[in-house]
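# Survey of secondary and tertiary structure
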Amino acid sequence: MRETATTLAAQVRSGERSARDVVEEALAAVASDDGDLNAFLSLLEDEARAGADAVDAAVAAGRDPGSLAGVPVALKDNLCTRGAVTTCGSKILEGWRPPYDATVVDLLRRAGAIALGKTNMDEFAMGSSTENSAFGATRNPRHTGKVPGGSSGGSAAAVAAGFTPLALGSDTGGSIRQPAALCGVVGMKPTYGRVSRYGLVAFASSLDQIGPFAATVEDAALLFDVLAGYDPLDSTSLPSVPEPTLATLHEGVEGIRVGLCRDLVDGCAADVVARVQEAADALAGAGARVEDVSVPEFGYGLSAYYLIAPAEASSNLARYDGVRYGLRVDAEDVASMNTATRTAGFGAEVKRRIMLGTYALSAGYYDAYYAQAQRVRTLVMQAFDRAYSSYDVLLGATAPTTAFDVGAKVDVPMAMYVNDVCTIPSNLSGHPAVSVPFGTGADGLPVGVQVLAPALQEALLFRVAQVVEAFAP
Amino acid sequence: MSDIEWEMVIGLEVHCELQTTTKLFCGCRNAFGDEPNVNICPTCLGLPGSLPVLNEQAVEFAMRIGAALHCDIRPSEFSRKNYFYPDQAKDYQISQYDLPLNANGWLELPDGFRVGVTRAHMEEDTGKLTHIGASGRINAALHALVDYNRSGVPLVEIVSEPDIRTAGQARAYASELRGILVATGASDGRMEEGSMRVDANVSVRPVGTDAFGTRCEIKNLNSLRSLVRAIEYEATRQIALVESGGTVVQETRHWDESAGRTDSMRSKEEANDYRYFPEPDLVPLAPDAAWQEKVRTGLGAMPADRRSVLVSGLGGTPTDAEKDQIHAVVDLGLDGLVTAAAETGVPVTLALARAANEAAAQSEAALRLDPETFASTLMLESGGQLSATQSKAVLGALLERGGGDPAVIAKEMGFEALSSDTLGAVLDEIIAAHTEEWARFLDGEDKLMGFFTREVMQATAGKANGKEVAAELRSRGG
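What counts, and at which threshold
Residues numbered from 1 in each chain as written. Chains lettered and ligands numbered in written order. Predicted model: local features only at pLDDT ≥ 70, side-chain atom pairs only at ≥ 80, totals over all residues. Heavy atoms only, no water. Helix = DSSP H or I, 4+ residues; strand = E, 2+ residues; numbered from the N terminus. Rg over C-alpha atoms; globule rule 2.2 N^0.38 Å. Contact = heavy atoms within 4.5 Å. Areas by Shrake-Rupley, 256 points an atom, 1.4 Å probe, with all protein chains shown as cover. Lys, Arg positive; Asp, Glu negative; His and termini not counted. Charge placed at Lys NZ, Arg CZ, Asp CG, Glu CD. Phe/Tyr/Trp six-rings, centres within 6.5 Å; stacked < 30°, edge-to-face > 60°. Buried < 20%, exposed > 50% of the residue type's maximum accessible area, 1.4 Å probe, protein only. Lys NZ or Arg CZ within 6 Å of the ring centre and 35° of its normal. Pairing = 2+ DSSP bridges. Salt bridge = Lys/Arg side-chain N within 4 Å of Asp/Glu carboxyl O. Axes fitted to C-alpha atoms, helices over the stretch in contact; angles between N-to-C directions. Left-handed = near helix turned anticlockwise from the far one by under 90°. Nonpolar A, V, L, I, M, F, W, Y, C, P; charged D, E, K, R; others polar. Patch = residues over 30% accessible without salt bridge, like charges linked within 9 Å, V, L, I, M, F, W, Y side chains within 5 Å. Buried area = accessible area lost by both parts, 1.4 Å probe. Polar contact = N/O pair within 3.5 Å; in protein donor to acceptor, adjacent residues only side chain to side chain. Expected span 1.5 Å × (residues − 1).

Of the regular secondary structure elements, chain B holds 17 helices and 14 strands. A compact globule built from 478 residues should have a C-alpha radius of gyration of about 23 Å, whereas chain B, at 29 Å, is more than 25% larger. Counting only C-alpha atoms and orienting by the principal axes, one finds that chain B spans roughly 90 × 60 × 50 Å. Residue pairs at least 24 apart in sequence account for 69% of intrachain contacts in chain B once pairs closer than 6 positions are excluded. Carbon and sulfur atoms form 51% of the exposed surface of chain B, whose accessible area is close to 21200 Å².

Okay, structure coming up:
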C-alpha cells in the first residue's frame, strides 16, 4: 500500500474506495511479506474487517466516518487493546488480553481508523533495535540484514514496508524517532502530556509519550491531530485544547529562527552530519534564519536518562509478579513464585534495567543517583529554555548512524544506549520532536533529521518538518 | 530486682479509611462487606497501562482531618512505596512520603494533655488476603485468597509524636481521635471493621532521662482493649529484657490477642527498603487557600466542644457519672439528641441518661432517630404522661421501628392516660388516705399539687395524664 493516509481517507470518505478493500489489501500485504520482517506480533483481522465494514456503512449512510476513515494503523504492542493480546514483547505478558482499550486506540476508532495489528518491540520498550523482543527480532524493510531501530521497530517497519500508512509507537528515550530515522519514515514524539498515556503499558512514566509514525509529515500531522487532547484518565494529561497542526502545515519557514544544535550533530557519523547540514541549508534557502548553537547540557542527558528511566521502570515492572495475570511459574511460597516468574519471564535487558533502577533508588544511593539525575534533568530543561529564547526550533540528527547490522550491538549495552544520545534530551524536557527522512548515508540507508520545538509547539514543529521533507534528496 | 523506675514512650500510627463514595484513584465503589472482587477496575487491580486519578472528595476529607487536628495543610506530593506483596496490586503503594498534606498538629486529650501530631498523610489501602491453612498466618498457609475490593480505598495515616506515656493515655488518644474522625465525617472510625487501625511504637526509659529507648512497633491491635493490653505487655517485656542485661531490638511485633503477647515479625520486615520516589503518574497536590478556608470553616463541632456544650447544659459541674455519660454520648454521636431534647424543655439530666443508656444500647438506630421524636418522648416522661419505665419502653420501640409517633406507640403499648372517671375514683382514694394534706392543699398550700400528682402517677403506674390530674385537682378547689 503506497497511498498516503491522507489520500486513503479521502478516497474512503468519498466512497471512491471501500474501507474493507483497503483493509483486505493491507492484510494481504502483511500475510505475504511480513514473514521476513516480523513487524507484527499479532493481527486484529476480525476486528479490522468489522471496523472497516462499519466505516463503509457510515459512508453509505452519509454519516461522517472520521478524518482517518478506513486507514489501517499498526499499534505498538504496549498499547492496550480490549480483548486482544498485548505482550509488550515480553514472555511475562504472553497471551495477556487487556479488558480495556488505551485512550489512543479509542480515539483512532472514533476517527474511523482501523487497528490492523500489534507490532513488535523491544521488551517493555527497552532497547534501540527491536532485538530485545521475546518473540524474535524485527528486520529493517530497507535492508533485512539491518535492525529497524527501536524500541518501536515493528511500527516503523510496518510503515516503511508499506503494510500500513500509519502506526503508533511510544517514545521514552527516542523509541519513535530513532526507528523512524533508521527505517526512513517520519516519527514524532509529542509534548509530554499532549497525548494520553492511559492504556500505554508503562516503561518510565515521566518520559513515556505516544506518537505517530507515517510515510509523510502531512500524514503524521493528520494522525497527531486525532491523538492530541486532554484525557481525564491521565493525570499528567494537559488540559489545554490543542490547535490543529494540519491547518498551518504549509505555511513555510520564512523568518523562523533555527538553531543547528552542534551537540546533536557533532558526535554523529560523517554522512549523518552531512545530511543534517544539508537540511539546515535547505531551511535557510527556504527563508529560515539558521545559526549554530551549542547546548552543552545535552551531553549529560544520556547519563541522567539511564538512571531515571530504569528507576521508574523498576517500580512500574514490579507488578509482573505472577499473582494476577501473565506468566506464573509456581514455587513453594509466594516470594519464590515471584522470583521464579520474573526470572523466567523477563529478558536480560529488562533485568539489567530493573537492577540498575532498584540500585539507583536504594537507601543510601538515592541522592547520589536518582536525585542527582533529576537535578540534571532540570538543568537540561533550563538549557532548552535558554536555547528557545533565541531560536524557534532546534535542528539535529536523530540517530548517530544509519541502521546497523542485526546482532552488532545486542551484547554491548553501552553501544546500544548511545543510539539515543540525540533523542533523550527531548524526553527529559518533555518537549516535542520529530524525525524526518533526509536522504541516505554512505551505505544507502536512510538518515533522519530531527526537528525539536518548545512545549506545545507541535504546529510549528510539523511546519518546519514539512519544509525539511520538501527539500529531502 | 532493679530500683530503676521506668516510663513508657509511646507514639501511635493510626490508619483510617475515608468514607468516600469511590476509591482514591479510580471510580470503583468504596464499600465494606461486598462480595469479593466486585468493586474493581484496571486501575485498582494495577493492570498494565492503567493510571491513577486523584479523588477530590478524598482530598477534602483528608484536609478535614488535618484541620481538625490543627495541622498545617501544605503543598504535598505522592510517592511510591515499593514492596512486593500479593495484596498490593502494583507491588507499590501510592502514599505520601517527604511532603505530606497535613503536618505539625496536635490532639488534646479530655484531661487537657496535648499529643503532637507529626503528620496526617494520604495513601491507598491494599487488597485483603485470606490465608487458607493451619494457622491463618502467611508463612504456614496452604494458599491464599485475595480480595481487591479494598485495593485503592483512601486512607489517611495519622502519626503522633512520641508524647504518650501510659497505656491509658494511648487509649484516650485513640478514642479521642476516633471521635474526631467521626465528627469530621471523613471516616466511620470502626476498629472492628478495620476502618481505623492502630499501630503502637513502644519503648521504655528510666524516668527522668531524655534519650529514647529502642522502640518496637506493635501491629494487629483490633480494639482499644487490645491497644492497652499490648502496650502494657510490650513495656513489661522490654523492661524485663533490659533489666536482665538484654537489649531491645528495633522490630515489628505482632499482638496475639488470645495468647496476650507480642511476637516478632522481623523475618518479613527487616529486609525492606521501600525505595520511595515521587509518583510520576500524579501531579503535586497543593490545595489553594480558598479550598483550605472552605474546609476549615465547614468543619463541625469536635467532640471536645460538644462535651463542653453538655457540661454547660448541666450547669458546669457534672458528677463523675454524668461525665462518663457525656463521654459515651459524644463518642457515639448521640449528643445531638440530648441538645435537641434540652431545647424543647426536657431536663438535661434526663435526656443525658436516656441517651447514654437506652439510645446508646442501640446506637446505630439512635443515630438515625429523629431528635424531635426523642425529645417528644422525653417530654411525655418529664410531663408525667409516661412513667420512666414506660418512657424507656416507648424509646426502645421507636429505635426498633426506626421512628414513629411516641404518643401513638404509648397508646399501642397500653400506656394510655386514664379516663376522667377512673382518675376521679383514684383521686378519691388518695384524698381519703391523706386527709390532712388535702386540707392543707385546699387551704392554699399549692406545693402539695406535686405531692398529689405523684401519688396519682404512682397509683396508676404512670398512666394518668399529668395535665388532666392538675385540672381535676383544681376543679376540686385546689
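So, about the overall build of chain A. Per the secondary structure count, chain A includes 15 helices and 11 strands. The dimensions of chain A, computed from C-alpha atoms along their principal axes, are 65 × 55 × 45 Å. A sequence separation of at least 24 residues applies to 75% of the contacts in chain A between residues at least 6 apart. When the accessible surface of chain A is split by element, carbon and sulfur atoms take 53% of a total near 15400 Å². Within chain A, the 54 negative side-chain charges are centred at a point lying 4 Å from the centre of the 36 positive side-chain charges.

With that out of the way, let us pick up the packing of aromatic side chains. Under the counting rule described, the total for this entry stands at 26 aromatic pairs over all chains. Taken together, a centroid distance of 5.6 Å and an interplanar angle of 70° make the contact between tyrosine 83 of chain B and tyrosine 274 of chain B edge-to-face. Taken as a pair, tyrosine 83 of chain B in the loop between strand E3 (79-82) and strand E4 (92-95) and tyrosine 274 of chain B in the loop between helix H4 (266-269) and strand E14 (277-278) lie far apart in primary sequence, 191 residues in all. What makes tyrosine 274 of chain B partly exposed here is its relative accessible area of 23%. An aromatic cluster of at least three residues, connected via ring pairs, comprises Trp96, Phe124, Tyr320, Tyr325 and Phe346 of chain A. One cation-aromatic arrangement involves lysine 81 of chain B over tyrosine 274 of chain B; the distance from NZ or CZ to the ring centre is 4.4 Å.

All names here are of chain B. The element strand E6 (residues 114-124) is extensively covered by neighbouring structure, given that nine of its 11 residues are classed as buried. One ladder, built from six bridges, connects strand E5 (residues 102-108) with E6; its direction is antiparallel. Bridge pairing in E6 links glycine 105 to valine 117. By the bridge criterion, seven bridges tie E6 to strand E9 (residues 154-160) in an arrangement that is antiparallel. Looking at E9, one finds that histidine 121 is bridged to glutamate 157.

To continue, consider the pattern of salt bridges. Oppositely charged side chains can form a pair if their charged atoms are brought close together. Per the stated rule, a full pass over the model turns up 58 salt bridges over all chains. For aspartate 281 of chain B, the salt bridge goes to arginine 80 of chain B, with nearest N and O atoms at 3.1 Å. Highlighted residues: aspartate 281 of chain B in the loop between E14 and helix H5 (289-298) and arginine 80 of chain B in strand E3, separated in sequence by 201 residues. Judged by relative accessible area, which is 0%, arginine 80 of chain B ranks as buried. For the salt bridge of arginine 197 of chain B with aspartate 125 of chain B, the shortest nitrogen-to-oxygen distance reads 3.0 Å. Here arginine 197 of chain B is found in strand E10 (residues 196-206), whereas its partner aspartate 125 of chain B is found in the loop between E6 and strand E7 (128-133), with 72 residues between them in sequence. Take aspartate 125 of chain B: its relative accessible area is 4%, and that puts it in the buried class. Several salt bridges converge on common partners, so that one network encompasses Arg20, Glu24, Glu45, Arg49 and Asp53 of chain A.

Residue and element names in this part refer to chain B. In contact at an axis separation of 9 Å, helix H1 (residues 56-68) and H5 are set at 60° when each is read in the N-to-C sense. Considering the relative orientation of H1 and H5, their crossing is right-handed. Where H1 approaches H5, its residues Glu56, Val59, Glu60, Met63, Arg64 and Ala67 are matched on the opposing element by Trp291, Gln292, Lys294, Val295 and Arg296. Counted by class, the contact of H1 with H5 contains five nonpolar, one polar and five charged residues.

A separate point is a nonpolar patch on the surface. Residues and elements named next belong to chain A. A cluster of nonpolar side chains, Tyr359, Tyr365 and Tyr369, forms an exposed patch at the surface whose accessible area comes to about 290 Å². Checked against the element boundaries, tyrosine 359 lands in helix H11 (residues 348-361). Note on tyrosine 359: relative accessible area 42%, which makes it partly exposed.

All names here are of chain B. Here we have three strands laid out as an open sheet, ordered E4-E3-E14, and antiparallel in their pairing. In this open sheet, the two edge strands, each paired with only one partner strand, are E4 and E14. Strand direction decides the pairing type here: E3 and E14, joined by two bridges, are antiparallel. The residue of E14 that forms the bridge with arginine 80 is phenylalanine 277.

Residues and elements named next belong to chain A. The strand order across the open sheet formed by 11 strands is E1-E3-E2-E4-E6-E5-E10-E11-E9-E7-E8, and the pairing between neighbours is mixed. The open sheet has two free edges, formed respectively by strand E1 (40-43) and strand E8 (289-293), since each of these has just one partner strand. For this sheet the average axis-to-axis angle between neighbouring strands, irrespective of direction, equals 25°. Where strand E9 (residues 393-397) lies against strand E11 (residues 446-452), four bridges are found, and the strand directions are antiparallel. In the sheet register, glycine 396 faces E11, and the bridge partner there is glutamine 450. Those strands touched by helix H8 (residues 270-285) are strand E7 (257-261), E8, E9, strand E10 (433-440) and E11, and its axis lies near 150° from that of E9.

The next thing to look at is the interface of chain B and chain A. Taken residue by residue, the interface counts 31 residues in chain B and 39 residues in chain A. On the chain B side of the contact with chain A, Pro48, Leu51 and Arg275 of chain B bury the most area, a combined 23% of that side's loss. On the surface where chain B and chain A come into contact, there are two salt bridges. Where aspartate 91 of chain B meets arginine 324 of chain A, a salt bridge forms, and the shortest distance between an N and an O atom there is 3.6 Å. Applying the counting criterion to the chain B and chain A interface returns 17 residue pairs in polar contact (both at pLDDT 80 or more). Residue assignment for the side of chain B that touches chain A shows that the elements contributing at least two residues are E3 and E14 of chain B. Partitioning the side of chain B that touches chain A into residue classes produces 19 nonpolar, six polar and six charged.

Now for the side chain of aspartate 87 of chain B. You can see aspartate 87 of chain B is positioned in the loop between E3 and E4. An unpaired buried charge is present at aspartate 87 of chain B: no salt bridge exists, and arginine 150 of chain B, the closest side chain of opposite charge, is 5.1 Å distant.

Residue and element names in this part refer to chain B. Here helix H12 (residues 388-401) contains 14 residues, and its C-alpha end-to-end distance of 20 Å stays within 8% of the 20 Å for a straight helix at 1.5 Å per residue. For H12, the set of buried residues is Gln390, Ser391, Val394, Leu395, Gly396, Ala397, Leu398 and Leu399. A positive backbone phi angle near 80° is found at glycine 402, which sits one or two residues after H12.

We now examine the side chain of asparagine 140 of chain A. Residues and elements named next belong to chain A. Along the chain, asparagine 140 falls in the loop between strand E3 (114-119) and helix H5 (153-160). Judged by its relative accessible area of 0%, asparagine 140 falls in the buried class. A distance of 2.8 Å separates the side chain of asparagine 140 from the backbone oxygen of leucine 182, its partner in a polar contact.

It is worth spelling out the environment of proline 413 of chain A at this point. Note on placement: proline 413 of chain A falls in helix H13 (residues 413-417). In this structure the C-alpha to C-alpha distance between proline 413 of chain A and arginine 352 of chain A, which are 61 residues apart in sequence, comes to 9.5 Å.

All names here are of chain B. In terms of strand pairing, E10 meets strand E11 (residues 216-221) through four bridges, oriented antiparallel. Across the sheet, residue alanine 200 finds its bridge partner in E11, namely isoleucine 218. Pairing of E11 with strand E12 (residues 251-256) involves four bridges; the strand directions are parallel. In the strand pairing of E12, lysine 219 is matched with histidine 254.

This part is about the environment of leucine 442 of chain B. All names here are of chain B. As for its position among the elements, leucine 442 is in helix H15 (residues 435-442). A relative accessible area of 40% means that leucine 442 is categorised as partly exposed. Taking the C-alpha atoms as reference points, leucine 442 and proline 75, 367 residues apart in sequence, are found 78 Å from one another.

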